[in-house]
Amino acid sequence: MSHWRAVREVAAWEFRRFLRVRELLTTIVVVAVMAGPLPAAIGYMARRDAESAVTLAVPPGAGLAEASRFRFVELPPDEAASALERGEVDGILDLTDPAAPSLVVPRDPRWADALAAALGQRALQARLAEVGVTPDELSALGAPVPLEVNVTGSSRSSGVWPLVVISGFMLTLVSTGTALLFTAITGEKTQRVTELVLSAISPQAWIDGKVLGTGLSVVVNVLAFGLGIGLALLVPPLVRREPLPTLPALAGDPGVVVVSLAFAAAGAALYFLLFAAVAATIDDPATSQRSGVLTLPALFVGLGFLGLVIDPGNGVYRFLSYLPLSSPSAMPVRYLAGDAGALEVLLSLALVTATAVASRRAAGRVFALAILMTGKEPTWREVWRWLRRA
Amino acid sequence: MSATPLLSVDRVSKRFATVLAVDELSFEARRGEVFALLGPNGAGKSTTVRMLAGITQPDSGTITFRLPGAEPARSPDRSRLGYLPEERGLYPEQKVLPTLVYLAALRGLSRAEARRRAEAWLERFGLAGRANDRLGTLSKGNQQKVQFIAAVLHEPALAVLDEPFSGFDPVNQDLVSTVIRELRSAGMTVVLSAHHMDLVETLADRVLLMHRGRAVLHGTLSEVRASSGMGKRLDVTLSGAVDDAALAALPGVERVLARTATTVRLALRPGARVGDALRALADVAEVVDVRSGTPTLREVYLAAVGEGAFAPGLDAAGRREEGEEEPA
């Protein structure tokens, strides 16, 4: 049987093995529920918490007017302490030194910052009154200079969402794929299926088919995940007959989509091949110290999120966008930010693709030898020796 | 059976760390025969079988396949080999029929043909009703049947079966023996390893007895018996004890295979006459009962490797051995 027919058979088997319609439907429903009503409920609770009134005892004659959610009750110190004990007030505000008020509360208050802001605003207004400046005059003085930004490069979006989507997509793809591969390979080793398969096809055909089949099933799983999120975003406005949310700028730019998918495919192939080879060296997944190494792909993909907190044009980030292990998530972010041109993108894509192709043989060699080892794990030195022979 | 060798193993050796598992082993398996590798645990059978199946490679020596219609090759078309590994496992979460179809598809069968054949084999092994059950729900014996089916479903020219009887009850051991005979009749060459010598004795055309990685005896059963230096076997029940020296001095006796207080199993030299030995024995003790037969493969093997034997007429598990004849 030809190599590629064997790859196709293994890929189809692995795809069906991990694709279960009932579980897919469950994923869609669970994600839709988690991504829609749950955040809304959390938001509702947070808003309700932010809007609830806070009553504070202040010394008689303090003369504090109600400010935002805070109400002030003037009570002598003894009565204030009793009221706090009975829960009639949320705290006692000591204004002995107006410049440095102190607060006595039974537990750490979430509203302390809001109170400090309200007191600061009140103090500011008092000082403005002393110098004869009205609040409107102050606002006019502190107003920012309007700045018009004209980007001459090819920036596609300045929003955060497209970056989150790209990095999140890669992270989901890689973490789900590596989890499936780990389960598949260590399971086959412990269940002693390996000899049965390897007597029929070459180890290279097996690992190629595994990576392909697992990759396809992961794509379907990620699509199901995306469908769940889509339902969460679209169903509530449809039910309420409200306008549908606008898609992130990313979705409307074919260039970003193509670049992201190309890097996702090359990156997933590279990660999955390396991961499959390392997973094959694990003898007992319950006790192996090597399992920790298998989190590395997700760590490299996570570097893409750096683009959310640092400038994608930063020198380190530029380097990461060429390094084959991190470029699948970093380069699309740079492209999205308009920091990388077509030539840079192609060069980086060529690098990661070439690395994936070169890794295929090496991973196949390690896989072939490691998958048949039982009772012990090869040392890293042995693995290195196999790689050199490959 | 054709005399043409389908498989030639020439001075093959395999070492694992400090253990020489197979040492300069040579043999041939002919087209359409059942060839058995026999020996105890650690004899090197499974290592040999794994090299035949292409799972591991010899350190030295060559293995040549001469499959019908193909040029002699060191690495044959895998779709023409079948393999039942000693370390067996299947996908417990997968269903029986799709698993068989997958494994046959890896051997080159179309899925439709694989499905048709798998259904027929499942019927043959009494598993038709379990085709859509998950493998993990099957008993160990039934899983063994599925694994056996996977090894021969694609009708290979050469089936390499490592311990095909292990895990089966006597009824299913007989079923597997019958199926192997049928496969041989259909022209398939079967190389199997086993330590159930009594089963193999009734099945194999030729055998290779292995000990510590080397061939001890090799050939048809009669050739092996002849080359062991053992002729007829006598099981004698006596009224009293007789010392070993007296037994060994009996005419035509090659060796004392086993004895208890009142029974003794003797191996005669080839061509030695039973009557001569019995007459001499009657001079030293009262003979209560006598049985004669040919030495079992087990006795031949144990004699060849110089180890002890079991009670007359019974193997280690207390079963009556092949080659027994009714009392004289």
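Fair warning: this is a prediction, and the values are worked out from it, not measured in the lab.

About the criteria used
- Residues numbered from 1 in each chain as written.
- Chains lettered and ligands numbered in written order.
- Predicted model: local features only at pLDDT ≥ 70, side-chain atom pairs only at ≥ 80, totals over all residues.
- Contact = placed C-beta atoms within 7 Å.
- Nonpolar A, V, L, I, M, F, W, Y, C, P; charged D, E, K, R; others polar.
- Pairing = 2+ DSSP bridges.
- Helix = DSSP H or I, 4+ residues; strand = E, 2+ residues; numbered from the N terminus.
- Axes fitted to C-alpha atoms, helices over the stretch in contact; angles between N-to-C directions.
- Parallel < 35°, antiparallel > 145°, perpendicular 65-115°, else oblique.
- Left-handed = near helix turned anticlockwise from the far one by under 90°.

*Asks:* Describe the interface of chain A and chain B, listing the residues and the values that go with them.
*Replies:* Counting residues at the interface gives 16 residues for chain A and 22 residues for chain B. Among the residues forming the side of chain A that touches chain B, the class breakdown is 10 nonpolar, 2 polar and 4 charged.

*Asks:* Help me get a handle on the sheet that holds strand β4 (residues 60-65) of chain B, residues and values and all.
*Replies:* Residue and element names in this part refer to chain B. Overall, antiparallel pairing links the 3 strands, which are arranged β2-β1-β4 in an open sheet. Strand pairing shows two members of the sheet lacking a second neighbour, β2 (19-30) and β4, which therefore form its edges. Going from strand to strand, the sheet's axes swing by 15 degrees on average, the running direction of each strand aside. Bridge count between strand β1 (residues 5-16) and β2: 8 bridges; the pairing is antiparallel. Bridging from a neighbouring strand, Lys 14 pairs with Val 22 of β2. Against the sheet, helix α1 (residues 45-52) makes contact with β1, β2 and β4, and its axis sits at roughly 60 degrees relative to β2, the strand it touches most.

*Asks:* Please give an account of the packing of helix α1 (residues 3-18) of chain A against helix α9 (residues 203-240) of chain A that cites residues and values.
*Replies:* Residue and element names in this part refer to chain A. Taken N-terminus to C-terminus, the directions of α1 and α9 make an angle of 40 degrees; their axes are 7 Å apart at the nearest point. Taken together, α1 and α9 sit at an angle that is classed as oblique. Seen along the crossing, α1 lies across α9 with a hand that is right-handed. Contacts from His 3, Ala 6, Val 7, Glu 9, Val 10, Ala 11, Ala 12, Trp 13, Glu 14, Phe 15 and Phe 18 in α1 reach Ala 205, Trp 206, Asp 208, Gly 209, Lys 210, Leu 212, Gly 213, Thr 214, Leu 216 and Ser 217 in α9. Along the lines of polarity and charge, the residues of the contact of α1 with α9 split into 12 nonpolar, 5 polar and 4 charged.

*Asks:* An account of the pairing of strand β8 (residues 206-211) of chain B is requested, with residue identities and associated values reported.
*Replies:* Residues and elements named next belong to chain B. Sheet analysis places strand β3 (residues 34-38) next to β8, joined by 4 bridges and oriented parallel. By the bridge assignment for β8, Phe 35 is matched with Arg 206. Pairing between β8 and strand β9 (residues 214-220): 6 bridges, direction antiparallel. Bridge pairing in β9 places Met 210 opposite Ala 215. Between the end of β8 and the start of β9, which pair antiparallel, lie 2 residues, with Arg 212 showing a positive phi angle near 50 degrees.

*Asks:* Help me get a handle on the sheet that holds strand β11 (residues 253-259) of chain B, residues and values and all.
*Replies:* Residue and element names in this part refer to chain B. Here 4 strands make up an open sheet; going across it, the order is β11-β12-β10-β13 and the pairing antiparallel. The sheet is open, and its two borders are formed by β11 and β13 (287-293), each paired with just one other strand. Pairs of neighbouring strands in the sheet enclose a mean axial angle of 25 degrees, with direction left out of account. Examined bridge by bridge, strand β10 (residues 233-238) and strand β12 (residues 263-268) share 5 bridges and lie antiparallel to one another. Its bridge partner lying in β12, Arg 233 is registered against Ala 267.

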